[in-house]
Amino acid sequence: MASSVEKITQGLNFFESQRTVAGLKDPEFFYADDSFILNDHTMDETAERFISQAMEIIMEEAVKKATKVQEKVCEWHSPEQLKELLDLELRDGGESESEILQRCRDAIRYSVKTGHPHFFNQLYAGMEPYSTVASFITEAIKTSLYTYEVAPVFTLMEDAVLRKMIELIGWEEGGDGIFNPGGSLSNMYAINLARYRLLPDVKQVGLFAAKRLVILTSQESHYSISKGAALMGIGSRNVYAVPSDESGRMIPLALEAQINLAKSEGAVPIMVNATAGTTVLGGFDPIEEIADICEKHNLWLHVDACWGGGALMSKEHKHLLKGIHRVNSVAWNLHKMLMACLQCSAFLVRDKTNLLQRCHSARASYLFQQDKFYDVSYDTGDKSIQCSRKPDAFKFWLMWKALGTREMERRVDRALSMARYLAEEIKRRDGFQLVTEPEYANVCFWYIPPSLRMLQQGPEFWKKLHTVAPVIKERMMKSGSMMVGYQSHKDKANFFRMVVISPQVSRRDMDFVLDEIHSLGKDL
């Protein structure tokens, strides 16, 4: 059996051979045991060269080329074809630098270019340069936002952004908040806080002694409310769906009826979720009227403003969220209308009693020591259900510093102006029909091919029209010309949902969308 000295010598020889292959200089180092080399330089010339070359690829392929209108939005391949093109297998041996750089090019090439001017498929779009640079910085710094000592800069930046957002909402006495990974989690935070406020013992003893709890939300609300109820043991059947009008807005009288129904059944309503900017139609629930009802019944009122929160930046459009200063909590995704890089989601609470902290704290002694040498109120991690948490607020802070509030307001106003232009153009053109008048940046419409235009709009017409949008979507994906979403809604046949966000989009692009849909579907 080899002695320890022989093992160390063998390790040295192996290490030297590897460094010779890589062309690296000798470091100063020592051995902690037989296997691991410590105190080597962590960033050698090879790594620096690789990062530099990769950044060039990112700049050329993911930033410049991917945002050019002349390029494709996507290069479509089936899952099986794409598996072959990407060579996904992970092997024992590493690949060469040139091969890894090609992997980077392939990842960009075969991805959907969401920064492209003709990407209208989701509630996010466009290339935001300042937020993109902030994303690069947070990945390079590689810290976690639980304590001030490990993330001092980003802790203060998150606090600054949250304070400004609270000001925009109109909570004059202040509030609290936290950034987290996505609006779904923000909505789940609201459910947990609403329950904790009413039943604080549930945190320790669970739901066993609690009555049946009920959450009320509109038919148009995001599915995360139902998922959150299931995750927290409340149960998805205890999410009562409140009817909405044709524009997707909750009907207040129907809300009060559902609250009374839950009470008559012996259940305990704990929260109402109002939506500011529904996913499909872009409707805004009447917050003022809903707040009256919630105050009457002592219910927590949460507003899912993940999509519509951007309207608060605009003096012209903030009326859409009238009454939001009266609510208990707000979810707001800055990566949607305001274009911060994914993901950038804030949960805000009209509370100054440390409710977030009390509801979620676990007091981990290895992180949240109370006898630290600085103000531990800046250790915000115990407000979160996470431990590791990315400094997402920096992506919005840097962008806000660069643009200022006025420019972000202009972006919102321009996006909604483009949406109105598109709606008017749809009304003007043969073969296009609005589903409903848009209230926000969602423009929902049918394309009626020439073969159906002479049919009466009865059951047979709608049955045939239902098949049109999926075929056009397939054709646009395979051609790579653009991406626009479609869906059915209640009893309505499939229709297109255009979402207008990016300031890079012009009236010419709106015209292109309608022209391209006609070109792709005129033979159907």
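Cut-offs and rules
- Residues numbered from 1 in each chain as written.
- Predicted model: local features only at pLDDT ≥ 70, side-chain atom pairs only at ≥ 80, totals over all residues.
- Heavy atoms only, no water.
- Phe/Tyr/Trp six-rings, centres within 6.5 Å; stacked < 30°, edge-to-face > 60°.
- Helix = DSSP H or I, 4+ residues; strand = E, 2+ residues; numbered from the N terminus.
- Buried < 20%, exposed > 50% of the residue type's maximum accessible area, 1.4 Å probe, protein only.
- Pairing = 2+ DSSP bridges.
- Arc of directions from axis to C-beta.
- Contact = heavy atoms within 4.5 Å.
- Salt bridge = Lys/Arg side-chain N within 4 Å of Asp/Glu carboxyl O.
- Axes fitted to C-alpha atoms, helices over the stretch in contact; angles between N-to-C directions.
- Parallel < 35°, antiparallel > 145°, perpendicular 65-115°, else oblique.

Another point: the packing of aromatic side chains. The description of two aromatic rings rests on the distance between their centres and on the angle between their planes. Counted under the stated rule, the structure contains 14 aromatic pairs. On the basis of an interplanar angle of 50 degrees and a centroid distance of 6.0 Å, the ring pair of Tyr 148 and Tyr 378 is categorised as tilted. One end of the pair, Tyr 148, is in the loop between helix 5 (129–141) and helix 6 (152–169); the other, Tyr 378, is in the loop between helix 12 (355–360) and helix 13 (393–428), and 230 residues separate them in sequence. Ring geometry for Phe 394 versus Trp 397: centroids 6.1 Å apart, planes at 25 degrees, classification stacked. Residue Phe 394 and its partner Trp 397 are both found in helix 13; the two are separated by 3 residues, about one turn of the helix. With relative accessibility at 24%, the residue Trp 397 sits in the partly exposed group. A network of ring pairs unites the aromatic residues Phe 432, Phe 445, Tyr 447 and Phe 496 as a single cluster.

In this section: the pairing of strand 14 (residues 492–499). Within strand 14, 8 of the 8 residues are buried, which leaves it mostly tucked inside the rest of the structure. The pairing of strand 12 (residues 442–447) with strand 14 spans 4 bridges and is classified as antiparallel. Pairing of Val 443 across the sheet is with Met 498, part of strand 14. Where strand 13 (residues 483–489) meets strand 14, 4 bridges bridge the pair, whose relative direction is antiparallel. Residue Gly 485 lies in a different strand from strand 14, and its bridge partner there is Arg 497. Hairpin connection from strand 13 to strand 14: 2 residues lie between these consecutive antiparallel strands, with Lys 490 at a positive phi of about 55 degrees.

Now for unusual backbone geometry. In this structure, Gln 343 follows Leu 342 across a cis peptide bond, with omega equal to -10 degrees. Locating Gln 343 in the fold gives a position in the loop between strand 9 (329–333) and strand 10 (345–349). For Asn 298, which is not glycine, the phi torsion reads 55 degrees and is therefore positive. As for its position among the elements, Asn 298 is in the loop between helix 11 (287–297) and strand 8 (300–304). The backbone of Lys 490 sits at a positive phi, close to 55 degrees, despite the residue not being glycine. Mapped onto the secondary structure, Lys 490 falls in the loop between strand 13 and strand 14.

With that settled, consider helix 9 (residues 224–231). Every α-helix carries 3.6 residues per turn, so stepping three or four residues along brings you back to the same face. The complete set of buried residues in helix 9 reads Ser 224, Ile 225, Gly 228 and Ala 229. Buried residues of helix 9, viewed axially, fall in a sector of 140 degrees; they line one side. Opposite the buried face of helix 9, by more than 90 degrees, sit the exposed residues Lys 227 and Leu 231. Buried residues belonging to helix 9 abut helix 7 (183–198), strand 5 (213–218), strand 6 (239–242) and strand 7 (268–275). Phi turns positive one or two residues past the end of helix 9, at Gly 233, with a value near 80 degrees.

A word on the pattern of salt bridges. Going through the model one piece at a time under the given rule, you end up with 36 salt bridges. Residue Lys 64 is joined to Glu 60 by a salt bridge in which the shortest nitrogen-to-oxygen separation is 3.1 Å. Of the two residues, Lys 64 and Glu 60 both sit in helix 2 (residues 45–64), 4 residues apart, roughly one turn of that helix. Classification of Glu 60 by relative accessible area gives partly exposed; the value is 41%. Among the salt bridges present, the one from Lys 427 reaches Glu 424, with a minimum N-O distance of 3.1 Å.

Looking now at the sheet that holds strand 6. One open sheet holds the 7 strands; their spatial order is 4-10-9-8-7-5-6, and the pairing between them is mixed. Of all the strands in the sheet, the pair left with one neighbour each is strand 4 (176–180) and strand 6. Adjacent strand axes in the sheet meet at a mean angle of 20 degrees when their direction is disregarded. Pairing of strand 9 with strand 10, which is carried by 5 bridges, proceeds in the antiparallel orientation. Within the sheet, the bridge partner assigned to Ala 331 lies in strand 10 and is Phe 347. This element, helix 6, spans strand 4, strand 9 and strand 10 of the sheet and lies at about 120 degrees to strand 4.

Attention now moves to the environment of Asp 430. Looking at where Asp 430 falls in the secondary structure, it is placed in the loop between helix 13 and strand 11 (432–434). Judged by its relative accessible area of 66%, Asp 430 is exposed. Separated by 76 residues in sequence, Asp 430 and Asn 354 have C-alpha atoms that sit 57 Å apart.

It is at 9 Å that the axes of helix 15 (residues 468–479) and helix 16 (residues 507–521) come closest, and there the two elements cross at 105 degrees. The orientation of helix 15 with respect to helix 16, classified from their angle, is roughly perpendicular. Between helix 15 and helix 16, the contacting residues are Ile 472, Arg 475, Met 476 and Ser 479 on the first element and Glu 516, Ile 517, Leu 520 and Gly 521 on the second.

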